[in-house]
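Here's the letter readout for the chains.
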Amino acid sequence: MFWRSHATALDRNHTLAIALQGGGAYGAFTWGVLDRLLAEDDVFPRAISGASAGAVNAVLIAWGMLEGGRDGARAALRRFWSEIGRTALMSPLGLPGADLRLDIWTRLFSPSQLNPLNLNPLRDILSAMIDFEALRASGEIALFLSATDVATGEPRVFREQAVSLDVLMASSCLPSMTQAVEIDGRSYWDGGFSANPPILPMVLETDCRTLLVVKLTPDEEPNLPTQAADIMARLRRILVNGSLQRDLSALQEMGTLLRRSALPSGDLRRIRDLAVRQVSIDHRFFSGSQDSAMSPRPEMLDRLFDAGVAAAELLIAQERAAAELGVTAGGA
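What you see is a predicted model, and the numbers here were worked out from it, not measured in a lab. (Residues numbered from 1 in each chain as written. Predicted model: local features only at pLDDT ≥ 70, side-chain atom pairs only at ≥ 80, totals over all residues. Heavy atoms only, no water.)

Asker: When you look at the overall build of the protein chain in this model, what are you seeing that I'm missing?
Answerer: Secondary structure assignment for the protein chain yields twelve helices and eight strands. Scored against the burial criterion, the 332 residues of the protein chain give a buried share of 50%. The contacts of the protein chain with a sequence gap of at least 6 include a subset with a gap of at least 24, amounting to 79%. (Helix = DSSP H or I, 4+ residues; strand = E, 2+ residues; numbered from the N terminus. Buried < 20%, exposed > 50% of the residue type's maximum accessible area, 1.4 Å probe, protein only. Contact = heavy atoms within 4.5 Å.)

Listed below in structure tokens is the structure:
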């Protein structure tokens, strides 16, 4: 097979790290990307970072790998997103106009008023799927999962030795929907507010030579929003994308400085030559669409999955073509 006979940046020998943005139900796009990549024998992530839905996808890969290798990881992702779709069908959020009513309710009432028992179907699904104690003991894949400290606004990055159901709930805690999650005496909200996803810690603390970023914010949205709801949605995407752009810019600047200096050694050379790849969701998922990050209908998840598979297929084709030409692409 061509993939095996020509080294690419996604080959296991390049020590691949994957960074997964959060974005609620749009995380099904990431599922499609990961499913297609895991179908390749030579693609194996040694480290994964994630926020919110990205953190959930990261843990599902790690747990699935522990249970049954890459096929186990693909099965775990499929089972989770299928459960999410089935849950949405039974939820009032799946009814016409529910998104608008929910938006109004969350502006008027706090989570403790709307949901005093703090019920969360996501917790139930993940609790039934994952043995967190076994996952903490394995440590095969380095994990970097972010949550936002409510008191300071600073990100906290949880590593694989600390992964738990509460950590995932903290990383995906939308303050308008669910109550803050307390861990070690601190209260946490969604990791997407502060590190979406955490990239620099993963690059600096592992020996990764390739970084693949899966974005749930489009690279560009050419249409100008004019309606109030569209303006607010665009603003939210710009804000939650800010930390990622800062991290990528920092990596680029570091690489530029290192290339100007005398030949660095060890980790400095690795960071200088780091290959960065990005896969981004298409802006059309946010243009005049009835889709919502808060109401993951099965048909929406299927379209997102298919789009993720197609995006990963394009990336693989590009990597194969570059390998065939003997191109070594590096830098941020």
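From this point on, the discussion continues.
Asker: What should I look at first to understand the environment of Ala 312 in this one?
Answerer: For Ala 312, the position within the fold is in helix H12 (residues 298–324). The spatial distance from the C-alpha of Ala 312 to the C-alpha of Val 214 is 9.7 Å, given a sequence separation of 98 residues. Beyond its immediate stretch of four places on either side in the chain, Ala 312 contacts Val 33, Arg 36 and Leu 37.

Asker: What exactly am I supposed to notice about H12 here?
Answerer: Residue pairs spaced three or four apart in an α-helix point in one direction, given the helix's 3.6 residues per turn. If you check H12, its first and last C-alpha atoms are 39 Å apart, about what 27 residues at 1.5 Å a residue would give, namely 39 Å. For H12, every residue scored as buried is listed here: Met 300, Leu 301, Leu 304, Phe 305, Gly 308, Ala 311, Ala 312, Leu 315, Ile 316, Glu 319, Arg 320 and Ala 323. Gly 326 occupies a position one or two residues after H12 and carries a positive phi of about 75 degrees. (Expected span 1.5 Å × (residues − 1).)

Asker: Would you mind showing me how to read the environment of Arg 272 here?
Answerer: Among the structural elements, Arg 272 can be located in helix H11 (residues 267–272). With 15 residues separating them in the primary sequence, Arg 272 and Leu 257 have C-alpha atoms 8.4 Å apart. Among the polar contacts listed, one links the side chain of Arg 272 to the side chain of Asp 273, at a separation of 2.8 Å. (Polar contact = N/O pair within 3.5 Å; in protein donor to acceptor, adjacent residues only side chain to side chain.)

Asker: Can you walk me through unusual backbone geometry in this structure?
Answerer: Glycine aside, negative phi is the norm for most residues, and most peptide bonds take the trans geometry. Pro 197 follows Asn 196 through a cis peptide bond whose omega is -5 degrees. Structurally, Pro 197 is set in the loop between strand S6 (186–190) and helix H9 (200–205). Phi at Ser 52 takes a positive value of approximately 55 degrees, unusual for a residue other than glycine. If you trace the backbone, Ser 52 turns up in the loop between strand S2 (45–51) and helix H3 (53–89). Of note, Asp 184 is a non-glycine position whose phi angle comes to about 55 degrees, a positive value.

Asker: Looking at this structure, I do not really get the nonpolar core. What am I missing?
Answerer: Inside soluble globular proteins, nonpolar side chains tend to come together where they are buried. If you look at the biggest cluster of nonpolar residues, it comprises 67 residues, and the most contacted ones within it are Phe 29, Val 59, Phe 80, Leu 126, Ile 130, Leu 145 and Leu 168. If we skip the residues at most four places from it in the chain, Leu 145 touches Gly 50, Ala 55, Ala 58, Val 59, Arg 156, Val 157, Phe 158, Val 163, Val 167 and Leu 168. (Core = buried A, V, L, I, M, F, W, Y, C linked by side-chain atoms within 4.5 Å.)

Asker: Could you clarify how one ought to interpret the pattern of salt bridges in this entry?
Answerer: Any two side chains of opposite charge can pair, on the condition that their charged atoms come close. Under the definition given, this model contains 18 salt bridges. The closest approach of N and O atoms between Arg 156 and Asp 184, which form a salt bridge, is 3.2 Å. In this pair, Arg 156 is assigned in strand S4 (residues 155–159) and Asp 184 in the loop between strand S5 (181–183) and S6, connecting sequence segments 28 residues apart. When its relative accessible area of 28% is taken as the criterion, Arg 156 is described as partly exposed. For the salt bridge of Arg 270 with Asp 267, the shortest nitrogen-to-oxygen distance reads 3.3 Å. (Salt bridge = Lys/Arg side-chain N within 4 Å of Asp/Glu carboxyl O.)

Asker: Would you mind going over the pairing of strand S3 (residues 142–149) with me for this structure?
Answerer: Put simply, side chains in a regular strand alternate between the two faces of the sheet. Extensive coverage of S3 is indicated by the burial of eight of its eight residues. Both S3 and S4 contribute to a ladder of five bridges, which runs antiparallel. Each residue of the ladder has a partner; that of Ser 146, found in S4, is Val 157. A loop of five residues connects S3 with S4, the two strands running antiparallel in sequence, and Gly 153 in this loop sits at a positive phi of about 80 degrees. (Pairing = 2+ DSSP bridges.)

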